[in-house]
Amino acid sequence: MKLLEERILKDGVALNSDVLLVDSFLNHQVDMGLMQEIGREFARIFAGKGINKIATIESSGIAPAGQAALAMGVPLLVMKKSTSSILSEELLQTPVASFTKGSTYQLTTKRKYLSKGDSVLFIDDFLANGEAALGAARLIESAGATVAGIGIVIEKAFQPGRLRLIEAGYHPVSLAAVSHMETGIISFVESVS
Ligand code: G4P
């Protein structure tokens, strides 16, 4: 998505070869006009796939996934990060390890918001190692629902997330895929749309 790539080049900061700071428009301060365009782009890409719900993970996935939900006219399910494992019939949980943050959380959602027969699009802000997306897919499928797609705002293509998702049978679509970073330099794989 050209608009997103241009914004990353203008306002993104490659802290080093691994970490891209985009907190002026995505992770901290949020440009809602850009989020609206991102939501419309996801709606265009995933149109006709029978999606009846969008899921994301708090917190930075909410803005882009919310706009996609608005554009597609479906509800948004916000999966929570719980620090503890809770045994409850009402909840679904799965552990997610974050390599970037060096911690693990229990991805949590109320069982009643995912049903057998739901066709769910998972949207997140970053794809790095794929742990969050794989965890979300586990939760969705544990409810008997189907992962109808995975949409990523920014993919770090030099990290193993895409490969791990493909090996697990998913086909992530990213709006911007960063191929290489070093201080002051950001390059993209190609414009997907
Ligand atoms: P993974 O899910 O793909 O395996 O990613 P990983 O564990 O490595 O990343 C964990 C957190 O770090 C996620 O945010 C992810 O969005 C974020 N992250 C990963 N790489 C980058 C990066 O280069 N730049 C930025 N800005 N964030 C990155 P989170 O913990 O879920 O945070 P939030 O959603 O509450 O903001």
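Conventions we followed
Residues numbered from 1 in each chain as written. Predicted model: local features only at pLDDT ≥ 70, side-chain atom pairs only at ≥ 80, totals over all residues. Heavy atoms only, no water. Near = heavy atom within 4 Å. Polar contact = N/O pair within 3.5 Å; in protein donor to acceptor, adjacent residues only side chain to side chain. Areas by Shrake-Rupley, 256 points an atom, 1.4 Å probe, with all protein chains shown as cover. Helix = DSSP H or I, 4+ residues; strand = E, 2+ residues; numbered from the N terminus. Nonpolar A, V, L, I, M, F, W, Y, C, P; charged D, E, K, R; others polar. Core = buried A, V, L, I, M, F, W, Y, C linked by side-chain atoms within 4.5 Å. Buried < 20%, exposed > 50% of the residue type's maximum accessible area, 1.4 Å probe, protein only. Contact = heavy atoms within 4.5 Å. Arc of directions from axis to C-beta. Pairing = 2+ DSSP bridges. Axes fitted to C-alpha atoms, helices over the stretch in contact; angles between N-to-C directions.

A.B. asks: So what exactly am I meant to see when it comes to the site of the ligand here?
C.D. replies: In the vicinity of the ligand lie 22 residues, with Leu20, Ser60, Lys81, Thr100 and Gly130 positioned nearest. Asn129 is positioned such that a nitrogen or oxygen atom in its backbone is 2.9 Å from an oxygen atom of the ligand. In this structure, Gly130 approaches the ligand through a main-chain N or O atom, which is 2.8 Å from an oxygen atom. Considering the ligand on its own, with 720 Å² of exposed area, one finds that the protein chains cover 87% of that surface. Looking at which element gives the most residues to the shell around the ligand, the answer is strand β7 (residues 119–127), with 3 residues. Its residues assigned to classes, the shell around the ligand shows 8 nonpolar, 7 polar and 7 charged.

A.B. asks: What am I meant to see in the nonpolar core here?
C.D. replies: Inside soluble globular proteins, nonpolar side chains tend to come together where they are buried. Leu4, Ile8, Leu20, Ile38, Phe42, Ile54 and Ile154 are the most contacted members of the largest nonpolar core, which has 31 residues in total. Put simply, the parts of the chain that give this core at least two residues each are α1 (2–11), α2 (32–45), α3 (62–72), β7, β8 (146–156), β9 (173–182) and β10 (185–188). In terms of residue count, the dominant contributor to this core is β9 (5 residues). Among residues more than four places away in sequence, those in contact with Leu20 are Ile8, Gly12, Val13, Ala14, Phe126, Ile154, Val178, Met181 and Ile186. Membership of the second largest hydrophobic core comes to 25 residues, among which are Ile57, Leu77, Val120 and Leu134.

A.B. asks: I would appreciate a short explanation of α1 in the present structure.
C.D. replies: Counting along an α-helix, one turn takes 3.6 residues, and residues three or four places apart therefore face a common direction. Taken residue by residue, α1 has Leu4, Glu5, Arg7 and Ile8 as its buried positions. All buried residues of α1 project into a common sector of 160° when viewed along the axis, lining one side. Away from the buried face of α1 by more than 90 degrees, exposed residues Lys2, Leu9 and Lys10 are located. Looking at the buried positions of α1, the neighbouring elements they touch are β2 (20–21), α2, β8, β9 and β10.

A.B. asks: Explain α3 here, please?
C.D. replies: Listed as buried for α3 are Ala63, Pro64, Ala65, Gln67, Ala68 and Ala69. On its buried side, α3 packs onto α2, β3 (53–57), β4 (76–82), β7 and β8. One or two residues past the end of α3 sits Gly73, with phi positive at roughly 70°.

A.B. asks: Would you explain the sheet that holds strand β5 (residues 91–98) in this entry?
C.D. replies: Hydrogen bonds between backbone groups are what pair the strands of a sheet, and the pairing can be parallel or antiparallel. Ordered in space as β5-β6-β4-β3-β7-β8-β9-β10, the 8 strands form an open sheet in which the pairing is mixed. Edge positions in the sheet fall to β5 and β10, since each of these pairs with one other strand and no more. Neighbour-to-neighbour, the strand axes of the sheet open up by a mean angle of 30°, direction not taken into account. One ladder, built from 8 bridges, connects β5 with strand β6 (residues 103–110); its direction is antiparallel. Within β6, the position partnered with Ala97 by the bridge is Thr104. Of the strands in this sheet, β8, β9 and β10 touch α1, which is tilted by about 165° from β10. Each of β3, β4, β5, β6, β7 and β8 touches helix α4 (residues 131–142); the most contacted strand, β5, lies at about 165° to it.

Any link to function would need more than the numbers given here.
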